[in-house]
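# Observations on chain architecture
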Amino acid sequence: MIRVVVGNLADQIVEGVVRPVQSDFSPVSHASRDLAAAAGDSVEQKLSRFGSLPIGGAVMTPAGNLPCDFLIHVVVSSADEAQSSLTVQKAIQNGLRRVSDMGLTSLALPPLGIGVGMTQPEDAARALCEILFNHLDEGETLDMTLVVSSPYEEEMFSRIVQELAEQRGSDA
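## As for the environment of Asn8
- Mapped onto the elements, Asn8 comes out in the loop between strand 1 (2-6) and strand 2 (16-22).
- Residue classification places Asn8 among the partly exposed positions, given a relative accessible area of 36%.
- Separated by 58 residues in the primary sequence, Asn8 and Leu66 place their C-alpha atoms 12 Å from one another.

So this is what it looks like as structure tokens:
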């Protein structure tokens, strides 16, 4: 199931929250920065042990002070390579693999791939939703919450989720 809500990622009561980062784990957005701040120093200390990850990489850590259990840090860019549709796709696919490996059943994530210099918002939203539906089509039992920041994003993502659910003959 995929639902869309306007809200704050740091407030989501789920097992895991996706946090987009650069290869050195620095935040790529305000939401990513806010998650790190709310999680606290213990998460930053754990991340420092990893050094850096390649673009498309994903790693899970305990969520620190957040109400969720885990943060899934997905690498969407680096100092040498900007965020693109391809880097976002690789990162979210690997993040979903980590989620499956850990057997999580609920996940919150931001609207990855929608931002300055990226593809058109509608195209990026559709690409992200297709990746999420493909993951569910593989038989995964995962409740996903897309946490957006505006009514415009909520309407756009909700419409796309509904269209894709109808195409697949499944519930959104």
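Okay, back to it.
## A few points about the sheet that holds strand 1
- Reading across from one edge, 1-6-5-2-4-3 is the order of the six strands in this open sheet, with mixed pairing throughout. Of all strands in the sheet, those bounded by a partner on one side alone are strand 1 and strand 3 (58-62). Direction aside, the axes of adjacent strands within the sheet are offset by 30° on average.
- Sheet topology note: the strand 3/strand 4 (residues 70-77) ladder contains five bridges and is antiparallel. Directly across from Val59, in strand 4, lies its bridge partner His73.
- Where helix 1 (residues 30-39) meets the sheet, its contacts fall on strand 2 and strand 4, and the angle it forms with strand 2 comes to roughly 120°.
- Across the face of the sheet, helix 2 (residues 41-48) comes into contact with strand 2, strand 3 and strand 4 while running at roughly 140° to strand 3.

## What about the packing of helix 4 (residues 121-137) against helix 5 (residues 151-168)?
- Where helix 4 contacts helix 5, the axes come no closer than 10 Å and their chain directions differ by 45°. With respect to each other, helix 4 and helix 5 are oriented oblique. With respect to the hand of their crossing, helix 4 and helix 5 are arranged in right-handed fashion. In contact with Pro121, Glu122, Ala125, Arg126, Leu128, Cys129, Glu130, Phe133, Asn134 and Asp137 of helix 4, helix 5 contributes Tyr152, Met156, Phe157, Arg159, Ile160, Val161, Glu163, Leu164, Ala165 and Arg168.
- Residues belonging to the contact of helix 4 with helix 5 are distributed by class as follows: twelve nonpolar, one polar and seven charged.

## Comments concerning unusual backbone geometry
- Positive phi outside glycine occurs at Phe25, with the angle close to 75°.
- Structurally, Phe25 can be placed in the loop between strand 2 and helix 1.
- For Phe25, a relative accessible area of 3% gives the class buried.

## Considerations on the side chain of Ser23
- Structurally, the position occupied by Ser23 is in the loop between strand 2 and helix 1.
- A relative accessible area of 15% means that Ser23 is categorised as buried.

## Re the pairing of strand 5 (residues 106-109)
- Where burial is concerned, the two faces of strand 5 agree: the one with Ser106 and Ala108 and the one with Leu107 and Leu109 are both buried.
- Here two bridges tie strand 2 to strand 5, and the two strands are oriented parallel to one another. Counted as the bridge partner of Gly16 is Leu107 from strand 5.
- Strand direction decides the pairing type here: strand 5 and strand 6 (residues 143-148), joined by four bridges, are parallel. Looking at strand 6, one finds that Ala108 is bridged to Thr145.

Criteria and cut-off values
- Residues numbered from 1 in each chain as written.
- Predicted model: local features only at pLDDT ≥ 70, side-chain atom pairs only at ≥ 80, totals over all residues.
- Heavy atoms only, no water.
- Helix = DSSP H or I, 4+ residues; strand = E, 2+ residues; numbered from the N terminus.
- Buried < 20%, exposed > 50% of the residue type's maximum accessible area, 1.4 Å probe, protein only.
- Pairing = 2+ DSSP bridges.
- Axes fitted to C-alpha atoms, helices over the stretch in contact; angles between N-to-C directions.
- Contact = heavy atoms within 4.5 Å.
- Parallel < 35°, antiparallel > 145°, perpendicular 65-115°, else oblique.
- Left-handed = near helix turned anticlockwise from the far one by under 90°.
- Nonpolar A, V, L, I, M, F, W, Y, C, P; charged D, E, K, R; others polar.

None of this, on its own, says anything about what the molecule does.
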